[in-house]
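One letter stands for each residue in the lines below.
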Amino acid sequence: MENADPYRHFIKDVKRIIIKVGTAVVTRRDGRLAVGKLGAVCEQIKELSSLGYEIILVSSGAVGLGRQRLRYRKLINSSFADLQKPQVELDGKACAAVGQNSLMALYDTLFSQLDMTSAQLLVTDNDFRDKDFRKQLTETMKSLLSLKVIPIFNENDAVSTRKAPYEDSSGIFWDNDSLSALLALELKADLLILLSDVEGLYSGPPSDPRSKLIHTYIKEKHQNEITFGDKSRVGRGGMTAKVKASIHAAEAGIPVVITSGYAAQNIIKVLQGQRIGTLFHKDAHKWAPVNEVDAREMAVAARDCSRRLQALSSEEKKQILLKIADALEAHQKEIRTENEADVADAQEAGYEKSLVARLVLKNDKLASLANNIRIIANMEDPIGRVLKRTELADGLVLEKTSSPLGVLLIVFESRPDALEEIASLAIRSGNGLLLKGGKEAKRSNAILHKVITETIPDTVGSKLIGLVTSRAEIPELLKLDDVIDLVIPRGSNKLVSQIKSSTKIPVLGHADGICHVYVDKSADLEMARRIVLDAKIDYPAGCNAMETLLVHKDLIEKGWLNNIIVDLRTEGVTLYGGPNASPLLNIPLARTLHHEYNSLACTVEIVDDVYAAIDHINHYGSAHTDSIVAEDHEVANVFLGQVDSAAVFHNASTRFSDGARFGLGAEVGISTSRIHARGPVGVDGLLTTRWILKGSGQIVDGDKAVSYTHKDLAI
């Protein structure tokens, strides 16, 4: 079961929710009300109420707000001489009385704007010792909730007789966090949400980059691991109080989620079953094994293993890859069995044909994979190559050498064969690897990962290549910019865009494969016919398949355009036209000229000349692969020089844009990013450089102790 499943399991039965808003959410750092954050919380409550949920609010913030107002009042009523005297701390109970009035006035205003009504309920710990009070409280809540009124609780600090926070086993509360837990029990809530100023419970202080967010609190695992930071900047609570309250409620059977009150729509996301914040649940130990490996541990393990891999000789790394290729062929039957199960499930689920096509692993594809891995194995070792040598001074030589990037995170959809290609390239380039495949290929990915890791020697460690099985782990991995060095998404535009917007880690990849073939008036027309058909028909689901055919206007009169239309239709291709081609050819107008079909369909458009073709490609293309068919070399050179794509071809099918066909052995993907690698990315795209300086005792001493020569040396 994936870690996200428990959330969805208990969320479906939730009706009554208690939401506790912390002081840090209610107020800004200067003590004033955080109207924007509170307004966002109220809007979410409105939405949930309209969906039939019963919402009870517990709000802190009165003391802090009252203190800010009374300080201001005292300041404007003080003389200069008064201000020179030592300032006496304001009475907390007076602060509570003043602040509560302001706080409720704001809630009333906000809910009124949303056509809702709120009610104030102030309680003390002594109230709950009275059985009649508890009974009346339940009746009042029943009445208010039936009227769609939002009850807002707060401890009545202004008249509370409690001198200091304390705990006892009778259910008496000691702050608003424990009040929330107590109310959850008393009022039989289905869920308690504690909104804080951090994303949830961390293994250490949230400001410490080594701390990690705990998604599901497991007492047996976490109770002795967590180090709490400082308490809340305002109020009495802090994470210690929230955890105690959460454990108390969870053990009584009420699920609790601690999450950020700063992030947009977090309450809604919890009710949608999204894995955010920290979940406390009495059955948590059944959902996640105590010894589970979290995102950071997986990434750190991959890095440690990669360093051991880098210490191997080139021959030792070669033998690992050759064993992987042999294992692929030896386990072909098991791989096919698991893959066929994935394909059957995908077809039953109604996935698009293009996705199902990319999912299939036939014997010839497995054989091709094994062959490509052997090609990579027999490549020259890419690590430690001297790229440049410079004599800085006599006896002081600087070398620029190739080096692994470190740890790669690859997120890919549909294609299980990508797992083998990427793993082999990572091993050859000395990198650690984390892989997250699509759920539609989970069986195929699992068996392929098992085949690979079983061949990796213990001297390196099977954790060199980690398989991420839960989509919910991706957000955590994307935060690990101190451990993961490059993210390569392979999939839809939506996937790539989401990843780019969610991480500080460099991202290498392409969102779309909108490839063009432009047929010039000077083209060899039979050659053009073969190239166009191959670019579209050979593998329509490939990202290097032609999606738009651009034709020079003079080829209309020559009849070639009509002929190629017939040929494409004969092959089952559905045609759409651009503004020029649609009325002329009597074909439907394309919804957009920036579209990747991934199927037997394409757009046809007519252009005036090569410059119009270039403008069209640079405007509507995706900077992937574009080709010109022309015998006029001057025209071809203009096209090759001015089309701003990762791969630009002359008289060749776009289908050649592939790592294996380029002689790279395989590819981790095709990059349209303008970083260190563009086009099909093989081993070289997974490398960076290091500087190695070899001296004989030189020192700088303000540049007086050395005479620079800066002479290029032979490699």
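For the structure itself, look to the data block above.
Residues numbered from 1 in each chain as written. Predicted model: local features only at pLDDT ≥ 70, side-chain atom pairs only at ≥ 80, totals over all residues. Heavy atoms only, no water.

Caption draft 1: Quick peek at the overall build of the protein chain. Looking only at helices and strands, one finds 27 helices and 23 strands in the protein chain. Here the protein chain, with 715 residues, has 53% of them falling under the buried criterion. In the protein chain, the share of contacts with a sequence separation of at least 24, taken over all contacts with a separation of at least 6, comes to 74%. As displayed, the protein chain has an accessible area near 32,500 Å², and 50% of this comes from carbon and sulfur atoms. (Helix = DSSP H or I, 4+ residues; strand = E, 2+ residues; numbered from the N terminus. Buried < 20%, exposed > 50% of the residue type's maximum accessible area, 1.4 Å probe, protein only. Contact = heavy atoms within 4.5 Å. Areas by Shrake-Rupley, 256 points an atom, 1.4 Å probe, with all protein chains shown as cover.)

Caption draft 2: Spotlight on the packing of aromatic side chains. Evaluation of the coordinates by the stated rule reveals six aromatic pairs. Here tyrosine 518 and phenylalanine 639 contribute two aromatic rings whose centre-to-centre distance is 6.3 Å and whose plane-to-plane angle is 20 degrees, an arrangement assigned as stacked. In this pair, tyrosine 518 sits in strand β14 (residues 515–519) while phenylalanine 639 sits in helix α27 (residues 633–642), placing the two residues 121 residues apart along the sequence. Per residue, the accessibility class of tyrosine 518 equals that of phenylalanine 639, and both read buried. (Phe/Tyr/Trp six-rings, centres within 6.5 Å; stacked < 30°, edge-to-face > 60°.)

Caption draft 3: Just the pattern of salt bridges, in detail. Tallied over the full model, the rule gives 27 salt bridges. Glutamate 199 serves as the salt-bridge partner of lysine 479, at 2.9 Å between the closest nitrogen and oxygen. Taken together, the positions of lysine 479 in the loop between α20 (474–477) and β13 (486–490) and glutamate 199 in the loop between β5 (191–196) and α9 (219–222) put the pair 280 residues apart, joining distant regions of the chain. Relative accessible area serves as the criterion here: at 37%, glutamate 199 is assigned to the partly exposed category. (Salt bridge = Lys/Arg side-chain N within 4 Å of Asp/Glu carboxyl O.)

Caption draft 4: Highlighting the nonpolar core. Ile335, Ile410, Ile427, Leu433, Leu435, Leu464 and Ile465 are the most contacted members of the largest nonpolar core, which totals 49 residues. Beyond its immediate chain neighbours, meaning those up to four positions away, leucine 435 contacts Ile410, Phe412, Leu419, Ile422, Ile465, Gly466, Leu467 and Val468. Judged by nonpolar contacts, the second largest core, of 38 residues, contains Ile11, Cys42, Leu65 and Leu195. (Core = buried A, V, L, I, M, F, W, Y, C linked by side-chain atoms within 4.5 Å.)

Caption draft 5: Inspection of the sheet that holds strand β9 (residues 396–404) at higher detail. Read across the sheet, four strands follow the order β22-β9-β8-β23 without closing on themselves; strand pairing throughout is antiparallel. In this open sheet, the two strands that pair with only one neighbour each are β22 (687–694) and β23 (708–713). Mean inter-strand twist for the sheet, computed between neighbouring axes without regard to direction, equals 25 degrees. One ladder, built from four bridges, connects strand β8 (residues 386–393) with β23; its direction is antiparallel. Along β23, the bridge assignment pairs arginine 389 with leucine 713. (Pairing = 2+ DSSP bridges. Axes fitted to C-alpha atoms, helices over the stretch in contact; angles between N-to-C directions.)

Caption draft 6: Geometry of the sheet that holds strand β17 (residues 601–607). Judged by pairing direction, the sheet is parallel, and its six strands sit side by side in the order β16-β17-β15-β14-β18-β19 without closing on themselves. Strands at the two margins of the open sheet, each flanked by one partner only, are β16 (574–577) and β19 (647–650). Taking each pair of neighbouring strands and ignoring which way they run, the sheet shows an average axis angle of 20 degrees. Strand direction decides the pairing type here: β14 and strand β18 (residues 625–629), joined by four bridges, are parallel. Bridged to valine 517 within β18 is serine 627. Each of β14, β15 (546–552), β17 and β18 is contacted by helix α26 (residues 610–620), which is oriented at about 175 degrees to β14, the strand it contacts most.

Caption draft 7: Structural view of the packing of helix α8 (residues 176–186) against helix α10 (residues 239–251). Relative to each other, α8 and α10 sit at 10 degrees, their axes nearing to 8 Å. Viewed along their axes, α8 and α10 adopt a mutual orientation that is roughly parallel. Between α8 and α10 lies a crossing of right-handed hand. Along the contact surface, α8 presents Asp177, Ser178, Ala181 and Leu185, while α10 presents Ala241, Lys242, Ala245, His248 and Ala249. Classifying every residue of the contact of α8 with α10 gives five nonpolar, two polar and two charged. (Parallel < 35°, antiparallel > 145°, perpendicular 65-115°, else oblique. Left-handed = near helix turned anticlockwise from the far one by under 90°. Nonpolar A, V, L, I, M, F, W, Y, C, P; charged D, E, K, R; others polar.)

Caption draft 8: Summary view of the pairing of strand β1 (residues 16–21). Burial of β1 is extensive: six of the six residues sit out of reach of the surface. On β1, burial covers both faces: Arg16, Ile18 and Lys20 on one face and Ile17, Ile19 and Val21 on the other are all buried. With six bridges connecting them, β1 and strand β2 (residues 54–59) associate as parallel partners. Bridge assignment links isoleucine 18 to a residue of β2, and that residue is isoleucine 56. Note that β1 and β5 share five bridges and pair parallel. Its bridge partner lying in β5, lysine 20 is registered against leucine 194.

Caption draft 9: Spotlight on helix α17 (residues 363–377). Between its terminal C-alpha atoms α17 stretches 21 Å, which fits the 21 Å expected from 15 residues at 1.5 Å a residue. Where α17 is concerned, the buried positions are Leu366, Leu369, Ala370, Asn372, Ile373, Ile376 and Ala377. Take α17 and look down its axis: the buried residues cluster within an arc of 160 degrees, on one side only. Residues of α17 that are buried make contact with α14 (314–330), α15 (332–348) and α18 (417–429). (Expected span 1.5 Å × (residues − 1). Arc of directions from axis to C-beta.)

Caption draft 10: Structural context of the side chain of serine 671. Looking at the secondary structure, you find serine 671 in strand β20 (residues 669–671). Every residue in contact with serine 671, bar those within four places of it in the chain, is listed here: Leu508, Gly509, Ala646, Ala677, Arg678, Gly679 and Val681.

Caption draft 11: Just the environment of glycine 430, in detail. Tracing the chain through its elements places glycine 430 in the loop between α18 and β11 (432–436). The spacing of glycine 430 and arginine 307 is 123 residues in sequence and 7.7 Å in space, taken between C-alpha atoms. If we ignore the near neighbours within four places in the chain, the residues touching glycine 430 are Ser306, Leu309, Gln310, Ile383 and Pro404.

Caption draft 12: Just a positive patch on the surface, in detail. The grouping of Lys439, Lys442, Arg471 and Lys494 at the surface amounts to a positive patch. Structurally, arginine 471 can be placed in the loop between β12 (465–467) and α20. (Patch = residues over 30% accessible without salt bridge, like charges linked within 9 Å, V, L, I, M, F, W, Y side chains within 5 Å. Lys, Arg positive; Asp, Glu negative; His and termini not counted. Charge placed at Lys NZ, Arg CZ, Asp CG, Glu CD.)

Caption draft 13: Main features of unusual backbone geometry. The phi dihedral of aspartate 701 is positive, around 50 degrees, even though this residue is not glycine. With respect to the helices, strands and loops of the structure, aspartate 701 is situated in the loop between β22 and β23. Residue aspartate 701 is classed as partly exposed on the basis of its relative accessible area of 46%. Positioned with a positive phi, histidine 710 is a non-glycine residue whose angle comes to about 45 degrees. Within the element layout of this structure, histidine 710 appears in strand β23.

Caption draft 14: Examining helix α22 (residues 525–537) more closely. For α22, with 13 residues, the first-to-last C-alpha span of 18 Å sits near the 18 Å given by 1.5 Å per residue. Burial in α22 covers these residues: Met527, Ala528, Ile531, Val532, Leu533, Ala535 and Lys536. The N-terminus of α22 is capped by aspartate 524, whose side-chain oxygen sits 3.1 Å from the backbone nitrogen of glutamate 526. (Polar contact = N/O pair within 3.5 Å; in protein donor to acceptor, adjacent residues only side chain to side chain.)

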